[in-house]
There are 2 protein chains.
Amino acid sequence: MTTTRSDCLARDAADPLAPLREEFLLPEGTIYLDGNSLGVLPKATPARIAQVVQQEWGQDLIRSWNTAGWIDLAQRIGDKIARLVGANAGELIVGDSTSVNLYKALKSAVLLGNGSATRKYIVSERSNFPTDLYIADSVAREHGLTLKLVDAGELPAALNDELALLLLTHVNYRTGRIHDMAGITAAAHASGALVVWDLAHSAGAVPVDLKLADADFAVGCGYKYLNGGPGAPAFVWAHPRHTARMDREQLRQPLSGWLGHAAPFEFTTDYRPALGIQRFVCGTPAVLSMAALECGVDVFLRAEPHGGLAALRHKSLALSTLFIELVESQCAGRGLTLVSPRDPAQRGSQASFASPNGYAIMQALIARNVIGDFRAGAPDAPPESSDLLRFGFTPLYTRYVDVWDAAAHLQAVLASGEWREARFNQRAAVT
Amino acid sequence: MTTTRSDCLARDAADPLAPLREEFLLPEGTIYLDGNSLGVLPKATPARIAQVVQQEWGQDLIRSWNTAGWIDLAQRIGDKIARLVGANAGELIVGDSTSVNLYKALKSAVLLGNGSATRKYIVSERSNFPTDLYIADSVAREHGLTLKLVDAGELPAALNDELALLLLTHVNYRTGRIHDMAGITAAAHASGALVVWDLAHSAGAVPVDLKLADADFAVGCGYKYLNGGPGAPAFVWAHPRHTARMDREQLRQPLSGWLGHAAPFEFTTDYRPALGIQRFVCGTPAVLSMAALECGVDVFLRAEPHGGLAALRHKSLALSTLFIELVESQCAGRGLTLVSPRDPAQRGSQASFASPNGYAIMQALIARNVIGDFRAGAPDAPPESSDLLRFGFTPLYTRYVDVWDAAAHLQAVLASGEWREARFNQRAAVT
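Residues numbered from 1 in each chain as written. Chains lettered and ligands numbered in written order. Predicted model: local features only at pLDDT ≥ 70, side-chain atom pairs only at ≥ 80, totals over all residues. Heavy atoms only, no water.

Asker: Which parts of the structure should I look at to understand the environment of A:Asp34?
Answerer: The topology assignment puts A:Asp34 in the loop between strand S2 (31-32) and strand S3 (41-42). Of the residues examined, A:Asp34 reaches a relative accessible area of 1% and is grouped as buried. Sequence spacing of A:Asp34 and A:Gly333 is 299 residues, and the spatial spacing of their C-alpha atoms is 25 Å. Residues contacting A:Asp34, with those up to four places away along its chain left out, are A:Ile371, A:Gly372, A:Asp373, A:Arg390, A:Gly392 and B:Ile62. (Helix = DSSP H or I, 4+ residues; strand = E, 2+ residues; numbered from the N terminus. Buried < 20%, exposed > 50% of the residue type's maximum accessible area, 1.4 Å probe, protein only. Contact = heavy atoms within 4.5 Å.)

Asker: Explain the relation of the copies chain B and chain A here, please?
Answerer: Relating the two copies of this chain is a rotation about some axis coupled with a shift parallel to it. Aligned on chain A, chain B shows an RMSD of 0.0 Å; the corresponding rotation is 180 degrees and the shift along the axis is 0.0 Å. Each copy turns onto its partner about a two-fold axis. When the interface residues of chain B are mapped onto chain A, 100% of them again lie at the interface, so the same face is used by both copies. (Least-squares fit on C-alpha atoms with pLDDT ≥ 70 in both.)

Asker: Could you clarify how one ought to interpret unusual backbone geometry in this entry?
Answerer: Negative phi values dominate among residues other than glycine, just as trans dominates among peptide bonds. Positive phi values are uncommon outside glycine, yet A:Asn227 reaches one of about 55 degrees. One can find A:Asn227 in the loop between strand S9 (217-220) and strand S10 (235-238). A positive phi angle, close to 50 degrees, is found at B:Gln250, a residue other than glycine.

Asker: It is not clear to me how the pattern of salt bridges should be interpreted in this structure. Could you clarify?
Answerer: Opposite charge on two side chains permits pairing when their charged atoms draw close. Applying the stated criterion across every chain, the model contains 54 salt bridges over all chains. A:Lys80 is the partner of A:Glu294 in a salt bridge, and the nearest nitrogen-oxygen pair spans 2.8 Å. With A:Glu294 in helix H10 (residues 287-302) and A:Lys80 in helix H4 (residues 73-82), this residue pair connects regions lying 214 residues apart in the sequence. Notably, a salt bridge pairs B:Arg48 with B:Glu56, separated by 2.9 Å at the nearest N-O pair. Both residues of the pair, B:Arg48 and B:Glu56, count as buried. (Salt bridge = Lys/Arg side-chain N within 4 Å of Asp/Glu carboxyl O.)

Asker: It is not clear to me how the sheet that holds strand S6 (residues 146-150) of chain A should be interpreted in this structure. Could you clarify?
Answerer: Hydrogen bonding along the main chain pairs the strands of a sheet, whether they run parallel or antiparallel. Residue and element names in this part refer to chain A. Spatially, S4-S10-S9-S8-S7-S5-S6 is the arrangement adopted by the seven strands of the open sheet, whose pairing is mixed. Sheet topology places strand S4 (92-94) and S6 at the edges, where each strand pairs with a single neighbour. The sheet shows a mean angle of 20 degrees between the axes of neighbouring strands, taken without regard to direction. Of the strand pairs in this sheet, S4 and S10 are connected by three bridges, and their pairing is antiparallel. Within S10, the residue paired with Ile93 across the bridge is Val236. The strands touched by helix H5 (residues 98-112) within the sheet are strand S7 (163-169), strand S8 (194-198), S9 and S10, with S9 carrying the most contacts at an inclination of about 175 degrees. Contacting S7 and S8, helix H8 (residues 181-190) runs over the sheet at an angle of about 155 degrees to S8. (Pairing = 2+ DSSP bridges. Axes fitted to C-alpha atoms, helices over the stretch in contact; angles between N-to-C directions.)

Asker: Where do I start with the packing of H4(A) against H10(A) in this structure?
Answerer: A pair of packed helices is characterised by two quantities: the angle between their axes and the separation of those axes. Residues and elements named next belong to chain A. Where H4 meets H10, the closest approach of the two axes is 10 Å, and the angle between their N-to-C directions is 25 degrees. By the angle between their axes, H4 is roughly parallel relative to H10. The two elements H4 and H10 cross, and the hand of that crossing is left-handed. Residues Leu73, Ala74, Arg76, Ile77, Lys80 and Ile81 of H4 lie in contact with H10, whose contacting residues are Val287, Met290, Leu293, Glu294, Val297, Asp298 and Leu301. (Parallel < 35°, antiparallel > 145°, perpendicular 65-115°, else oblique. Left-handed = near helix turned anticlockwise from the far one by under 90°.)

Asker: What is the right way to look at the interface of chain B and chain A in this model?
Answerer: Quoted interface sizes are often the accessible area lost when the parts come together. Each side of the interface is counted separately: chain B has 84 residues, and chain A has 84 residues. Among the residues of chain B in contact with chain A, B:Trp57, B:Tyr134 and B:Phe267 are the three that bury the most area, contributing 12% of the side total. In this structure, the connection of chain B to chain A is made through four salt bridges. The partner of B:Arg252 in a salt bridge is A:Asp137, and the shortest N-O contact between them spans 2.9 Å. Run the count over chain B and chain A and you get 24 residue pairs in polar contact (both at pLDDT 80 or more). No other element matches the nine residues that helix H6 (residues 130-142) of chain B contributes to the side of chain B that touches chain A. The residue inventory of the side of chain B that touches chain A, partitioned by class, reads 44 nonpolar, 27 polar and 13 charged. (Buried area = accessible area lost by both parts, 1.4 Å probe. Polar contact = N/O pair within 3.5 Å; in protein donor to acceptor, adjacent residues only side chain to side chain. Nonpolar A, V, L, I, M, F, W, Y, C, P; charged D, E, K, R; others polar.)

Asker: What is the right way to read the side chain of A:Arg252 from this model?
Answerer: Relative to the elements of secondary structure, A:Arg252 occurs in the loop between helix H9 (240-249) and H10. A relative accessible area of 13% places A:Arg252 in the buried class. Of the polar contacts made by the side chain of A:Arg252, one reaches the side chain of B:Asp137; its length is 2.8 Å. Here the side chain of A:Arg252 touches B:Ser138 through a polar contact of 2.9 Å, side chain to side chain. Apart from residues lying up to four places away in sequence, A:Arg252 is in contact with A:Leu111, A:Met246, A:Tyr271, B:Tyr134, B:Asp137, B:Ser138 and B:Arg141.

Asker: Looking at this model, I keep getting lost on the environment of A:Pro19. Mind explaining?
Answerer: All names here are of chain A. For Pro19, the position within the fold is in the loop between helix H1 (5-14) and strand S1 (24-25). Classification of Pro19 by relative accessible area gives partly exposed; the value is 44%. Residues Pro19 and Thr3, 16 residues apart in the sequence, show an inter-C-alpha distance of 23 Å.

Asker: I keep staring at the nonpolar core and nothing clicks. Help me out?
Answerer: One recurring pattern in soluble globular proteins: nonpolar side chains tend to sit buried together. Membership of the largest hydrophobic core comes to 229 residues, with the highest contact counts inside it found for A:Leu166 and B:Leu166. The residues contacting A:Leu166, other than those within four sequence positions of it, are A:Val123, A:Leu155, A:Leu159, A:Ile184, A:Ala188, A:Leu194, A:Val195 and A:Val196. (Core = buried A, V, L, I, M, F, W, Y, C linked by side-chain atoms within 4.5 Å.)

Asker: Help me out: how do you make sense of the confidence of the model for chain A in this one?
Answerer: Do not read the fine detail of predicted coordinates wherever pLDDT is low. Residue and element names in this part refer to chain A. The share of residues in chain A with pLDDT of 70 or more is 97%, and the mean pLDDT across the chain is 95. In the model, residues 426-431 has pLDDT below 50 throughout and makes 32 contacts with residues more than four positions away in sequence or in other chains. The ipTM, which scores confidence in the relative placement of chains, is 0.96 for this predicted complex, and the corresponding pTM is 0.97. (pLDDT = per-residue confidence, 0-100.)

Asker: Can you walk me through the pairing of S6(A) in this structure?
Answerer: Residues in a regular strand point their side chains to alternate faces of the sheet. With five bridges connecting them, strand S5 (residues 121-125) of chain A and S6(A) associate as parallel partners. Following the sheet pairing, A:Glu125 is matched in S6(A) by A:Val150.

Asker: I tried to follow helix H4 (residues 73-82) of chain B on my own but got confused; where do I start?
Answerer: Residues lying three or four places apart along an α-helix face the same way, a consequence of the helix completing one turn every 3.6 residues. Residues and elements named next belong to chain B. Extensive coverage of H4 is indicated by the burial of eight of its ten residues. For H4, the complete set of buried residues consists of Leu73, Ala74, Gln75, Ile77, Gly78, Lys80, Ile81 and Ala82. Tucked into the core, H4 has its buried residues touching strand S4 (92-94), strand S10 (235-238) and helix H10 (287-302).

Asker: What is the right way to read the sheet that holds strand S6 (residues 146-150) of chain B from this model?
Answerer: Residues and elements named next belong to chain B. In spatial order, the strands read S4-S10-S9-S8-S7-S5-S6; together these seven strands make up an open sheet with mixed pairing. Edge positions in the open sheet fall to S4 and S6, since each of these has one partner strand only. With direction set aside, neighbouring strand axes in the sheet form an average angle of 20 degrees. Pairing of strand S8 (residues 194-198) with strand S9 (residues 217-220), which is carried by three bridges, proceeds in the parallel orientation. When the sheet's bridge partners are listed, Asp198 is paired in S9 with Val219.

Asker: Would you take a moment to explain the packing of aromatic side chains for this structure?
Answerer: We describe a pair of aromatic rings using the distance from one ring centre to the other and the angle between the two ring planes. All told, the structure shown has 31 aromatic pairs over all chains when counted by the stated rule. Each ring, one from A:Trp258 and one from A:Phe265, has its centre 5.7 Å from the other, and the planes form 85 degrees; the classification is edge-to-face. Aromatic ring contacts, followed pair by pair, group A:Phe129, A:Tyr173, B:Trp258, B:Phe265 and B:Phe267 into a single cluster. Its end group placed over the ring of A:Tyr121, A:Lys148 keeps NZ or CZ at 4.4 Å from the ring centre. (Phe/Tyr/Trp six-rings, centres within 6.5 Å; stacked < 30°, edge-to-face > 60°. Lys NZ or Arg CZ within 6 Å of the ring centre and 35° of its normal.)

Asker: In this structure, what is going on with the environment of A:Leu111? I would like to understand it.
Answerer: All names here are of chain A. Within the secondary structure, Leu111 is located in helix H5. With relative accessibility at 40%, the residue Leu111 sits in the partly exposed group. Discounting chain neighbours no more than four positions away, the residues touching Leu111 are Arg245, Leu251 and Arg252.

And the structure:
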């Protein structure tokens, strides 16, 4: 029995999370299924940014480092994000880009790891997001290690005594497949290695419990599910056992900027790292971008009375499951192959379909104001590695009727053949 | 013959740069002499930021990477800053913090340098800004080098065959003393070493000609004289001979994030650095903060019809010279010692005075809405290294009458002894 549009309207009417849509300024007439690339604009953000620009910067100027708490932004926002990923206050800080934080985390993990001569590999997944691989490769080269890329199925065999460090993205950016963070971490630890997790497609999207999983390091992105704005600052977390050891042994990560100093305003000539996660702060924070990120994160805190992350996860899976059902029933025989896991427990907050015409189909959808994402694959690759249509579901503001309408548009694009006429705009996609 | 307040009003009336003050939103009744810590708010910025937030992000969302040119911001703003520091378009890019860019530049310089075993030192100035020293120390440790700190007078002797790399800030953040960029670079080159220049207190403040000086690498700050907003992104420049060699030999700086890849949207697993300075881009840029920086930089381009950088330098020195004259005549015997160079040719865009009561005096000035900066020094140090009152002069918006009034307030604070009653607020100062 097929779900009807009326069914979707009824589900929206009964949705306890529905009021949260009012927290955002969404473009009229657009179905936005790309919140895993760039999250939407929270309603609170424009006024907050205007306040930061006009009052805190324009009027109060340098005094705002104290009076407006700019100096505390990295930790204050970090404490809020910590609640979304199973970390405690004081363990996670915000600043710099995901790539820069990956470098800090990987360098620290190498420093803290089991440095036996047999451990010669940093291992990651071939389909990990490129910046993770590029940064890991640089760190490997700096330390006489080799970056070894494996497919997910080859991971268990790679967790052996040649493994120095494992770097994985928790939710795969192409397929949305979720790694078993606790299980893989335990297996890596059993092999004597440390693990760095990238939460770019997890934070704010799926349940994450870093402490329960006994993870070592994590980084994450502010501009996807956290709705922090284009290029929002990223975050980095380290398990307290590692920061405690760094404290004891006065270890540093090499991006030892002045605001990660134990007493930055003493202006001493020698670097003495701040205690705990504060040593992962580097230079002066980009205050405007930090302030926007805080607005995005605050929406999650306001979601708590509505059931919080558990309710968001429940709706996220309901949305992606519905989309998969509708697409598979309405677009059967049109060359789309589901590459996201069918099992909801293994699926992030997205649904991806392989299609050899994926680019043109997505352009045709965008022309209908249905915005998803295209991810290029390798020619003649298996579905998981070929051209993908990627649709992100963001339960804070995506409605069931949006999912129904998006599937109907996709059906129409394929049935009419209008994708053959789609304008080939310049490609760009920011993860 | 003492300059009177009327004289200053007359100089303002005759000042060809005076109209540029209208480019800024300045707090009423405040004399702001701290633009070398946090520059003021350009008038164009609030509307531009509102446009980025509400239209480009809120309405156009992911499409803005192309349609609003977000993807080009790093190079577009870089090309504008290049004009202020004697570099060509395509040689300088914007993004990340000064500290992170210092790391990129220092790591590259080590990579490209003369790696003979006798070259065991990275040399810098003891009074360099701490983040420079902290990052240089990390890079030194990573490469088996030692960071050696010298006083300015010891520099010539340090340029020898033990020198791997020299890191200097062109204008000293405490004293405002300008290093001879061309002369020191030539001497360092003659010794076989490379030089990294920090332009934090130079860009937009004093004449800089990186190409003429044959410099190797440079970094600089967006939130001081460039008026880019709190924590604005920084910039990095490399001489084309170095990027050309990096191109030929496929060398990378280790912060090899995805947007520094030659073809980031191909999402390949292997890092292939972009050509030229683009390889110094790392992760996704903080778009809000980048947009604000562009507004600040654009003011300098609008200053060109008014005489541009040469006229700004002329007025800057007129302002600081006037301030020094007024303070030395009106505050004689009050324990202030000029530590900035008396010779204008050696002085940046600031004037600093040592005072054992510097902190309290600055608090008393701030209570009178005269905002300068306090920089702590070492106890019992010579004047240059002791507690300082620091006053920055920003000829885009500082008037002669502001200088006169600031000196009068300082005289009153000292003569009345009210500084003894000054509230000791929490210290903070962001360089």
